[in-house]
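Understanding the architecture of this molecule
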Amino acid sequence: TANFTIGAICDINPAARAGAIKQCGAMRPEGVDDYRRVLDMKDIDAVFIATPVYLHREMAVAAALAGKHTYCEKPLARTAEGVEAIRAAVSRAGIRFQVGFQWRYDVRWESSIKKVHDGEIGKVHFVSAHRHVPGYPTSGWYVDRSLSGDLIVEQAVHEMNVFCWLLKGPPLRASGFGGINALVGVPSDRTIMDHYTVSYEFPENVRLSYSHCVYTPGSASGLEQMVLGDKSAIDLRNATVFRGGETIETSFDSLPNATGRAIVSFIDCVRSGREPACNLEAGVNATLMAILGRTAIHEKRVVEWSELLA
């Protein structure tokens with residue numbers, strides 16, 4: 001476990017703030033309702049930003065300007081401009097910056113990605129993936145795409161992080177279709193999609209197909225991340241390799257909590273000065289990949305990566 005002290009808890013909801021303070025036990029952090037007070041505290045070395053998406057840009061930039069090492073929940077921001085603002089601020093500040101993609105710290109995904117990078121499945125040609133789930137929030141900021149960034153940015157950015165990690169960089173372009181059909185009027189002011197499909201093209205003729213649906217019956221729901229190479233295929237979720245008629249499963253002695261591992265790693269990086277595994281670049285690539293797909297879907301056209309950085 002990491003040896004650190006929680007010095008302050010900030011939340012505008014008094015009940016949530018009190019509950020979080022209680023969980024800290026004997027550390028008894030100070031409770032505040034304005035995050036800027038935390039940034040002004042001289043004895044605070046690092047901060048965790050776990051707020052709604054539309055606040056990430058403001059808070060991450062402010063934390064960088066205050067010289068605080070930062071663990072920021074995904075995605076970085078709602079827009080490419082927001083992502084660039086965070087990138088610029090963090091780069092100037094020289095702080096340790098980690099993004100909350102816990103799959104980067106899950107031993108199953110670590111094992112799978114290593115197998116691919118070590119050439120176990122050969123050259124990657126195609127990736128087929130989906131997130132088909134039986135629900136998603138139907139109230140609050142989540143359902144307003146101007147606040148959440150839409151479903152692909154708020155939720156599927158987890159997968160985009162895995163894809164950029166797997167393929168060692170971002171895609172070249174994207175196209176896709178999506179919208180609202182089953183959940184029209186749920187709620188009445190809903191603007192986020194309830195389903196979509198998106199295709200990405202990566203360097204070296206690698207293609208990736210991804211679909212996302214939030215009204216899938218529970219018995220039919222699930223995640224898939226299948227990578228096809230010229231030697232074999234691998235299911236990234238559990239590091240199972242498929243070669244011809246053979247299925248090669250990977251056994252794990254234990255499955256430690258990935259979020260806990262991510263937090264411990266962040267604290268270790270702050271102390272040692274090492275770069276986090278899920279660093280600023282990883283967050284930028286994953287978030288921009290999601291924004292690329294969103295733009296293609298919303299505008300019904302092929303969108304180039306270079307357009308986001310223009």
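Since we're looking at a predicted model, the values are computed, not measured.

So, how was this worked out
- Residues numbered from 1 in each chain as written.
- Predicted model: local features only at pLDDT ≥ 70, side-chain atom pairs only at ≥ 80, totals over all residues.
- Heavy atoms only, no water.
- Helix = DSSP H or I, 4+ residues; strand = E, 2+ residues; numbered from the N terminus.
- Rg over C-alpha atoms; globule rule 2.2 N^0.38 Å.
- Buried < 20%, exposed > 50% of the residue type's maximum accessible area, 1.4 Å probe, protein only.
- Areas by Shrake-Rupley, 256 points an atom, 1.4 Å probe, with all protein chains shown as cover.
- Lys, Arg positive; Asp, Glu negative; His and termini not counted.
- Charge placed at Lys NZ, Arg CZ, Asp CG, Glu CD.
- Core = buried A, V, L, I, M, F, W, Y, C linked by side-chain atoms within 4.5 Å.
- Contact = heavy atoms within 4.5 Å.
- Salt bridge = Lys/Arg side-chain N within 4 Å of Asp/Glu carboxyl O.
- Expected span 1.5 Å × (residues − 1).
- Polar contact = N/O pair within 3.5 Å; in protein donor to acceptor, adjacent residues only side chain to side chain.

**Comments concerning the overall build of the chain**
For the chain, the count of helices and strands is eleven helices and 14 strands. Its C-alpha atoms give the chain a radius of gyration of 20 Å, near enough to 19 Å, the size a compact globule of 310 residues would have. A principal-axis box enclosing the C-alpha atoms of the chain has dimensions of 60 × 45 × 40 Å. For the chain, with 310 residues in total, the buried portion stands at 48%. For the chain, the exposed surface amounts to about 14,600 Å²; the carbon and sulfur share of it is 50%. Computed over 33 positive and 35 negative side-chain charges, the inter-centroid distance for the chain is 2 Å.

**Re the nonpolar core**
Most often, soluble globular proteins have nonpolar side chains that are buried together. The biggest cluster of nonpolar side chains holds 86 residues, and the ones touching the most others in it are Phe 97, Ile 152, Met 160, Phe 163 and Tyr 200. For this core, the element with the most residues is helix H10 (residues 280-299), which contributes eleven residues. Setting aside anything within four residues of it in sequence, one finds Phe 97 in contact with Ala 60, Thr 70, Cys 72, Leu 76, Ile 86, Val 90, Pro 276, Cys 278, Asn 279 and Leu 280.

**Overview of the pattern of salt bridges**
According to the stated counting rule, one finds 15 salt bridges in the structure shown. Its salt-bridge partner being Arg 36, residue Asp 34 comes within 3.0 Å of it at the nearest N-O pair. The class of Asp 34 is partly exposed, set by a relative accessible area of 22%. Glu 201 is paired through a salt bridge with Arg 207; the nearest N and O atoms lie 2.5 Å apart. You can call Arg 207 partly exposed: its relative accessible area is 38%. Shared partners join several salt bridges into a network, and the residues in it are Arg 173, Glu 201, Arg 207 and Glu 304.

**Observations concerning helix H9 (residues 258-272)**
Along its 15 residues, H9 runs 21 Å from first to last C-alpha, staying within 8% of the 21 Å computed at 1.5 Å per residue. Looking at H9, one finds that the buried residues are Ala 258, Ala 262, Ser 265, Phe 266, Ile 267 and Cys 269. Where H9 is buried, its residues meet strand E3 (46-49), strand E4 (69-73) and strand E5 (97-100). The opening residue of H9, the one whose side-chain oxygen lies 3.1 Å from the backbone nitrogen of Thr 259, is Asn 257.

**Description of unusual backbone geometry**
Trans peptide bonds make up most of the peptide bonds, and negative phi angles are found at most residues other than glycine. With an omega of -20 degrees, the peptide bond running from Lys 74 to Pro 75 counts as cis. By the element assignment, Pro 75 lies in the loop between E4 and helix H4 (80-93). Between Val 186 and the following residue, Pro 187, the backbone shows a cis peptide bond with an omega angle of -5 degrees. As for its position among the elements, Pro 187 is in the loop between strand E7 (173-179) and strand E8 (195-202). A positive phi angle, close to 60 degrees, is found at Ala 239, a residue other than glycine. Tracing the backbone through its elements, the reader meets Ala 239 in the loop between strand E11 (233-235) and strand E12 (240-243).

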